[in-house]
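# Understanding the architecture of this molecule
Listed below, chain by chain, are the residues.
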Amino acid sequence: MNNKASHYIMNRNDFKRIITNRNMRILTFLLLLIFANLSAQMSSTLLQKMEAGEKWPVLISFKEQATFNEWKSEWPKEQKGHYVYQQLKETAEQNQQAVIHYFAKRNISYKTFFVANVIHAEIDREAISFLQAQTGIEKISYDAHLNFQFPQTDASAIMHQRAPEITWGIQQMNVPAVWDLGIKGKGIVVAGEDTGVKWDVNGLKSKYRGFENGQTDHNYNWHDAIHAISPLSGSPDNPCGLNVKEPCDDHSHGTHTVGTMVGSTDEQLFGVAPEAQWIGCRNMERGNGALSTYIECFEFFLAPHDLNGQNHNPTKAPHVINNSWYCSLEEGCDTSSYPIMERVIENLRKAGVVVVVSAGNDGASCNTLKHIPAIYEESFTVGSVRQDLKISDFSSNGPVNNYKATRVKPNVVAPGSDVLSVLPDGNFASWNGTSMAGPHVAGLVALMISANPLLSGQVERIEQIIEETATRINSDFDCWPSTGSSIPNNTFGFGFVNALAAVEKALLVVDTKQPEIAGLKMYPNPAKNYINIELANANISEISIQNIYGKEIFQLKNPSKLHRIVTEGWQPGLYFMTTDGSNAKSFIIEH
């Protein structure tokens, strides 16, 4: 018996000598791979990372997702935001309880996200085993730090050398013609998810929603999703710090992009919507982000909260978010991340928020548009052109063929080469990249909603108008399955954005429901040769009609209970009716 035992031990030792450390790692990896395939819960990237180390940052996604069965497209933005927020919150709370209880019991730090029903945590092998046994978990993904490749810069450029008053992109988009109508983005909130923003720089400070009447309040207007130094940054010292309570930019990229959306000074006009307000969230630590930091900022924008992360308020959500970043496959965002981020974008849209995304800078040839979130059908993806409206040589082209059905991308193109904007030190710089193109379109969205508030929350209609009014441009080459002469095509999408045409079409959008001025009915709407007015309220003493420029074109004093206004000969377009100087209601005149 002892001889048998000795013989067994000797063979086991011989086996240990034969199997090298490298072979053991390969064997372990293969066993994990087989186990993962059976459970279908761990991403391939996480399996690779588990070869070494004892803890791994992960994103845990749950199978059950919120449903929005009662959602209606005609709801106003505020109603959509509240409804989507409540549905997401309830779903996450119901699904995440067991995992949260386990993490709390083992003193594992974690952060929950309702926006896509996921949890971020740094866990060990024991926790992995626990999560593998949970039937409600869809996937466990490695939450990698990602290095963002910043745009090319021209440090020698200053504003007066390039454009004495207005940047070329704003001129080329026909934005000044929109400003001439008195439309500059007033009443609209844009958001920047990026490296942060230097909030008090000249040209941006007065447009920050957290700065009103000389008073500063960063609650609901700023969030920092950077809680740790990225191992990719190469230095433990971040110039902003971590978890900062006021807007700060640790790279300059975020300040530059926000400037393109809203920036202006008394001397220079470089923002598309200079009367809009902005809010911000830092999702990258000196250009190094992770899937969880991107999601955290999206969640903040869906339902902004105070500086302590409490008291979410969907009514403070922005109208549009600019996303001049991407998450690449090579840098850690494997295919397991695609559905998670896609759900986030879908939920923002359901909440009535337009999500503008830069196409990427992988070159103007076929199939280079391949990173999330630009690849999604739900993202409004923007490529870049030069001053001569040729495609920028860095601008990524479609089609998207690495996720779901092959689709044409980008949606449109905008100025992205040699774009001037402000930096944190107050100086101006000319940068190149689709990062510079995206904020031009986000600014255009602000102009459109400011021109016609009925568009607020109507994401699909806003995007449709921008596409329909874009200047068509054919590509010099084909990218299967579309040709260069197709509209849309995989180089320019539907074409180069035209601000004036988009705003003019936005002004034609009317509320098709019966007017709700107390005691007054107005029909038909749209009208042609006449419009009928029925009055049940004898207190109405005056009816006035103004055109889109605010000029009064019709006045009726002491109207009768039933009155017909002849509109034959009026210019087609949008008009506003008021009673006794208030209660404005829009209607449209057609040919």
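If you're wondering where the values come from, they're calculated on a predicted model, not measured in any experiment.

## Digging into the packing of helix H13 (residues 459-469) against helix H14 (residues 499-506)
Interhelical geometry of H13 versus H14 gives an angle of 135° and a closest axis separation of 9 Å. Of the possible angle classes, the one that applies to H13 and H14 is oblique. As for how H13 packs across H14, the hand of that crossing is right-handed. Judged by residue contacts, Arg461, Ile465, Glu468 and Thr469 of H13 engage Ala501, Ala502, Lys505 and Ala506 from H14. Split by residue class, the contact of H13 with H14 holds 4 nonpolar, 1 polar and 3 charged.

## Topic: the sheet that holds strand E23 (residues 562-566)
Within a sheet, neighbouring strands are paired by backbone hydrogen bonds and run either parallel or antiparallel to one another. Within the open sheet, the 3 strands sit side by side as E19-E20-E23. Their pairing is antiparallel. Across the chains shown, the open sheet's two edge strands, defined by having one partner strand only, are strand E19 (520-523) and E23. The sheet shows a mean angle of 20° between the axes of neighbouring strands, taken without regard to direction. Pairing of E19 with strand E20 (residues 530-535) involves 4 bridges; the strand directions are antiparallel. Bridging from a neighbouring strand, methionine 522 pairs with isoleucine 533 of E20.

## So, the confidence of the model for the chain
Confidence in the prediction of the chain, expressed as mean pLDDT, is 86, and 84% of residues score 70 or more. Predicted confidence is poor over residues 1-22, with pLDDT under 50, and the contacts of this stretch with residues over four places away or in other chains come to 1 contact.

## Remarks on the state of the cysteines
Disulfide: a covalent bond connecting the sulfur atoms of a pair of cysteines. Enumeration according to the criterion identifies 3 disulfides in this entry. With its sulfur 2.0 Å from that of its partner, cysteine 366 forms a disulfide with cysteine 479. Across the S-S bond of cysteine 366 and cysteine 479 the torsion is about -90°, and the bridge reads as left-handed. In this pair, cysteine 366 sits in the loop between strand E14 (354-358) and strand E15 (380-385) while cysteine 479 sits in the loop between H13 and H14, placing the two residues 113 residues apart along the sequence.

Cut-off values and rules
- Sequence order as written defines residue numbering, which begins from 1 separately in each chain.
- In keeping with the model being predicted, local features are shown solely for residues with a pLDDT of at least 70 and side-chain atom pairs are shown and tallied solely at 80 or more, while totals for entire chains, interfaces and linings include all residues.
- To obtain the side-chain values, all non-hydrogen atoms of the structure were included, while hydrogens and water were left out.
- Between the N-to-C directions of two axes lies an angle of 0 to 180 degrees, each axis being a line fitted to C-alpha atoms and, for a helix, fitted only over the stretch in contact.
- Helix numbering and strand numbering both begin at the N terminus, where a helix is a DSSP run of H or I of at least 4 residues and a strand a DSSP run of E of at least 2.
- Working rule for angles: under 35 degrees goes down as roughly parallel, over 145 as roughly antiparallel, 65 to 115 as roughly perpendicular, anything else as oblique.
- Each crossing gets its hand from how the near helix is turned against the far one by less than a right angle, where anticlockwise is left-handed and clockwise is right-handed.
- In what follows, a contact means two residues having at least one pair of non-hydrogen atoms within 4.5 Å.
- Three classes are used, and their members are as follows: Ala, Val, Leu, Ile, Met, Phe, Trp, Tyr, Cys and Pro are nonpolar, Asp, Glu, Lys and Arg are charged, and the others, Gly among them, are polar.
- A pair of strands is treated as paired once DSSP finds two or more bridges between them.
- The score called pLDDT rates the predictor's confidence residue by residue, from a low of 0 to a high of 100.
- The disulfide definition used here is simple: a pair of cysteine sulfur atoms within 2.5 Å.

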